[in-house]
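So the chains spell out like this:
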Amino acid sequence: MKIEILAIGKTQSKYLAEGIEGYCNRIGHYLPFELTVLPDIKTTRTLSEAVQKQKEGQLMLAAMQPSDFVVLLDERGREYTSREFAGFIEKKMASGLKRLLLVIGGPYGFSEEVYARADGKISLSRMTFSHEMVRLFITEQIYRAMTILRGEPYHHD
């Protein structure tokens, strides 16, 4: 199974970009992994929140394949402990799934069409984080999940 993160816009903060890249490289030792960054919508100042979400949603939907299991990183999603998240990934791996797609929305979240396409939602916290920080947190949690599944000494209960 391949895990792919789909996100809108580049990571601007150098320190976060370095952390994200570090975890992406580590994950690649365990399974196929990719971070796909879709371009920011230009001229957002003249767009309403709804129009921006719809335009970003069109980009996201175009990047999805019918066979993908799509999980939105959303504040209203299910919260997992690190061990529970590892179990979630393990179940998806055992199911024969080709690609698990974890989607990070833009500043206003997701369009209704993206919500309709999603197979699930995960929340990293009830707090709100910048999309750049979410990338760092989810890549670290994927790496942590892989070490848990392998019984490696990274995670401590």
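Please refer to the structure placed before this passage.
Reading the values: the criteria
- Residues numbered from 1 in each chain as written.
- Predicted model: local features only at pLDDT ≥ 70, side-chain atom pairs only at ≥ 80, totals over all residues.
- Heavy atoms only, no water.
- Salt bridge = Lys/Arg side-chain N within 4 Å of Asp/Glu carboxyl O.
- Buried < 20%, exposed > 50% of the residue type's maximum accessible area, 1.4 Å probe, protein only.
- Helix = DSSP H or I, 4+ residues; strand = E, 2+ residues; numbered from the N terminus.
- Polar contact = N/O pair within 3.5 Å; in protein donor to acceptor, adjacent residues only side chain to side chain.
- Pairing = 2+ DSSP bridges.
- Axes fitted to C-alpha atoms, helices over the stretch in contact; angles between N-to-C directions.
- Contact = heavy atoms within 4.5 Å.
- Core = buried A, V, L, I, M, F, W, Y, C linked by side-chain atoms within 4.5 Å.
- Right-handed = clockwise from strand over helix to strand, strands pointing away.

Undergrad: Tell me about the pattern of salt bridges, and please be specific about residues and values.
TA: Close approach of charged atoms allows side chains of opposite charge to pair. Counting across every chain of the model gives nine salt bridges. For the salt bridge of Arg-76 with Asp-74, the shortest nitrogen-to-oxygen distance reads 3.6 Å. According to the relative accessible area criterion, Asp-74 is buried, its value standing at 7%. Glu-140 serves as the salt-bridge partner of Arg-144, at 2.8 Å between the closest nitrogen and oxygen. Residue Arg-144 and its partner Glu-140 are located together in helix H5 (residues 131-150), separated by four residues, close to a single helical turn. Taking relative accessible area as the criterion, Arg-144 reaches 17% and is therefore assigned buried. Overall, the relative accessible area of 12% leaves Glu-140 in the buried class. Each of the salt bridges in this network shares a partner with another, and the network as a whole consists of Lys-2, Glu-4, Glu-34, Asp-68 and Arg-99.

Undergrad: Can you break down the environment of Thr-11 residue by residue, with the values?
TA: Inspection of the secondary structure assignment puts Thr-11 in the loop between strand E1 (2-8) and helix H1 (14-27). Remark: the alpha-carbon pair of Thr-11 and His-155, spanning 144 residues in sequence, is separated by 26 Å. A polar atom in the side chain of Thr-11 sits 3.0 Å from the side chain of Arg-135.

Undergrad: An account of the sheet that holds E1 is needed here, citing residue identities and associated values.
TA: Reading across from one edge, E2-E1-E4-E3-E5 is the order of the five strands in this open sheet, with parallel pairing throughout. Of all the strands in the sheet, just strand E2 (33-38) and strand E5 (120-123) have a single pairing partner and so form its edges. Averaged over all adjacent pairs, the angle separating strand axes in this sheet is 30 degrees, with direction ignored. Strand direction decides the pairing type here: E1 and strand E4 (residues 99-104), joined by six bridges, are parallel. The residue of E4 that forms the bridge with Ile-5 is Leu-102. With respect to the sheet, H5 is in contact with E1, E2, strand E3 (69-79) and E4, its orientation differing from that of E1 by roughly 170 degrees.

Undergrad: Quick one: what's the story with the nonpolar core, residue by residue and with numbers?
TA: Ile-3, Phe-85, Phe-88, Leu-100, Leu-102, Ile-138 and Ile-142 are the most contacted members of the largest nonpolar core, which totals 31 residues. Considering each element in turn, this core owes the most residues, eight residues, to H5. In this view, Ile-3 contacts Leu-31, Pro-32, Phe-33, Glu-34, Ile-89, Leu-100, Leu-102 and Ile-142; residues no more than four positions away in its chain are not counted. In this structure, Leu-38, Val-70, Leu-101 and Phe-110 belong to the second largest nonpolar core, which totals 12 residues.

Undergrad: An account of the pairing of E3 is requested, with residue identities and associated values reported.
TA: As paired strands, E3 and E4 are joined by five bridges and run parallel to one another. Counterpart to Phe-69 in the pairing with E4 is Leu-100. Assessed by its sense of winding, the connection that carries the chain from E3 through helix H3 (residues 82-94) to E4 is right-handed. As paired strands, E3 and E5 are joined by five bridges and run parallel to one another.

Remember, this is a structural readout, not a statement about activity or role.
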